[in-house]
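An overview of the molecular structure
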Amino acid sequence: MTTVVILGAGALGSLWAARLSRTHKVLILDRPQASGRDKRFSFTLQDSKGSLAYHLLRIAPSALANHSTDAGLLLLVCCKSYDLVKALEGVQAWLPEGTALVLFQNGLKSQHEAARRFPHWPIYAAVTTEGANRTSPAQVIHAGTGVTWIGAFNALASETQAQQIAQTLSASGLQVQAQSDISSRLWQKLAINAVINPWTALLGCRNGELRQASRFTDSYGALCAEIASIMNAATASHWTAAELQHLVDGVIERTALNRSSMLQDVQAGRQTEIEQITGFLVEQAERLGIDCPRNRELLQAVLKLSPENHQ
Ligand code: KPL
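Residues numbered from 1 in each chain as written. Predicted model: local features only at pLDDT ≥ 70, side-chain atom pairs only at ≥ 80, totals over all residues. Heavy atoms only, no water.

Quick look at the pairing of strand β5 (residues 73–77) now. With five of its five residues buried, β5 lies for the most part within the structure. Burial along β5 is two-sided: the residues Leu-73, Leu-75 and Val-77 and Leu-74 and Leu-76 are all buried. Pairing of β5 with strand β6 (residues 100–103), which is carried by four bridges, proceeds in the parallel orientation. The residue of β6 that forms the bridge with Leu-74 is Ala-100. (Buried < 20%, exposed > 50% of the residue type's maximum accessible area, 1.4 Å probe, protein only. Helix = DSSP H or I, 4+ residues; strand = E, 2+ residues; numbered from the N terminus. Pairing = 2+ DSSP bridges.)

All residues in the neighbourhood of the ligand are listed as Asn-106, Lys-189, Asn-193, Ile-196, Asn-197, Asn-207, Val-251, Asn-258, Ser-260 and Ser-261. Take Lys-189: an N or O atom from its side chain is 3.3 Å from an oxygen atom of the ligand. Asn-258 has a polar side-chain atom sitting 3.2 Å from an oxygen atom of the ligand. Coverage of the ligand by the protein chains reaches 85% of its 280 Å² of free accessible surface. In terms of residue count, helix α5 (residues 182–203) provides more of the shell around the ligand than any other element does, four residues in total. In the shell around the ligand, the residues fall into two nonpolar, seven polar and one charged. (Near = heavy atom within 4 Å. Polar contact = N/O pair within 3.5 Å; in protein donor to acceptor, adjacent residues only side chain to side chain. Areas by Shrake-Rupley, 256 points an atom, 1.4 Å probe, with all protein chains shown as cover. Nonpolar A, V, L, I, M, F, W, Y, C, P; charged D, E, K, R; others polar.)

The final tally for this structure, using the stated rule, is seven aromatic pairs. Judged by centre distance (5.7 Å) and plane angle (20°), the ring pair of Phe-43 and Tyr-54 falls under stacked. Pair noted here: Phe-43 is in strand β3 (residues 39–47) and Tyr-54 is in strand β4 (residues 50–59), with a separation of eleven residues, a long-range link. Each member of the pair, Phe-43 as well as Tyr-54, is classed as buried. Measuring from centroid to centroid gives 5.7 Å for Trp-187 and Phe-280, while their planes differ by 55°, and the two rings are tilted. Here Phe-280 lies in helix α9 (residues 274–288) and Trp-187 lies in helix α5, a separation of 93 residues in the sequence. When sorted by exposure, Trp-187 lands in the same class as Phe-280, which is buried. A connected cluster of aromatic rings, assembled from ring pairs, spans Phe-41, Phe-43 and Tyr-54. A cation over an aromatic ring shows up here: Arg-185 above the ring of Trp-149, its NZ or CZ 3.8 Å from the ring centre. (Phe/Tyr/Trp six-rings, centres within 6.5 Å; stacked < 30°, edge-to-face > 60°. Lys NZ or Arg CZ within 6 Å of the ring centre and 35° of its normal.)

With that settled, consider the nonpolar core. The nonpolar side chains of soluble globular proteins are, as a tendency, buried together. The biggest cluster of nonpolar side chains holds 69 residues, and the ones touching the most others in it are Leu-75 and Leu-88. Sequence-distant contacts of Leu-88, that is, excluding residues within four places in its chain, are made with Leu-7, Leu-75, Val-77, Leu-101, Ala-114, Phe-118 and Trp-121. Among the nonpolar cores identified, the runner-up in size contains 34 residues, and Leu-45, Cys-78, Val-102 and Tyr-124 belong to it. (Core = buried A, V, L, I, M, F, W, Y, C linked by side-chain atoms within 4.5 Å. Contact = heavy atoms within 4.5 Å.)

Turning our eyes to something else, we now look at helix α6 (residues 214–235). Relative to the 32 Å expected for 22 residues at 1.5 Å per residue, α6 spans 31 Å between its end C-alpha atoms, a close match to the ideal helical length. All of the buried residues along α6 are Phe-216, Ser-219, Tyr-220, Leu-223, Cys-224, Glu-226, Ile-227, Ala-228, Ile-230, Met-231 and Asn-232. Looking at the buried residues of α6, the elements they touch are α5, α7 (241–254), α9 and α10 (293–303). Directly after α6, the chain includes Ala-236, whose backbone phi takes a positive value near 55°. (Expected span 1.5 Å × (residues − 1).)

Right, here's the structure in full:
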């Protein structure tokens, strides 16, 4: 049976680890510089059915070879998007050839960088609407159930293996589907995040409160128009601004009480993913010769909230 390895055991990584440990061997990867000794990774997962404690094995990347089986390893990469390339560099010396990687990052920039830097691994991208957050280092809340789509992202990845991975991940009890065109899902998620995340971070409000914020509502339509034209030019799709706005309206409605991941990052004094989300859109717009003043403004405004710009 495939051994599932988690790189980046934050809220989402811990959710997958906990749910898959019921049926699979699950390993949590420690930092590359960690000692070779195996450790425990303990946390409590709380969901609508109650709370359960998990005690999983945490190993140094250098110990991966000791845990490899004939069925191979599946690496779920759940770190923040800006840490992705560095995190993969830290494990590449020990990750067996042919190991499938599943990338769970927000935005689209880091996945493209990973695909360029690591062409020797089959790379899959995941888009998930599962909601998980961490209230303390050892307490994870599964706040909302959703769907996870998995699709091939580089030349070594295949639809057949995407289906096998989706089947493996379904053992978690979470809803997982293979997706033949993962790029369009990634772009839709990117577009949603490019509207909700910067604005909630700037206004310091929950997703649903955007609807009452005139600074947001005054520019909402124009922002959707910019994003739709970038997305259409980059992916040969045909979104109208109104269709995109309708999609985002639905997410705002369903996640009204959420604090977006970007707002949480700003409030916790952490780096945000603005460069991987809006920054990626602005780069694409430049490449395609599309004017995007609203996205540029949002990028600059959120960059100013970053911890390194505070002093
Ligand atoms: O993905 C999200 C995020 O916060 O990053 C949304 C969809 C905006 C939900 O909060």
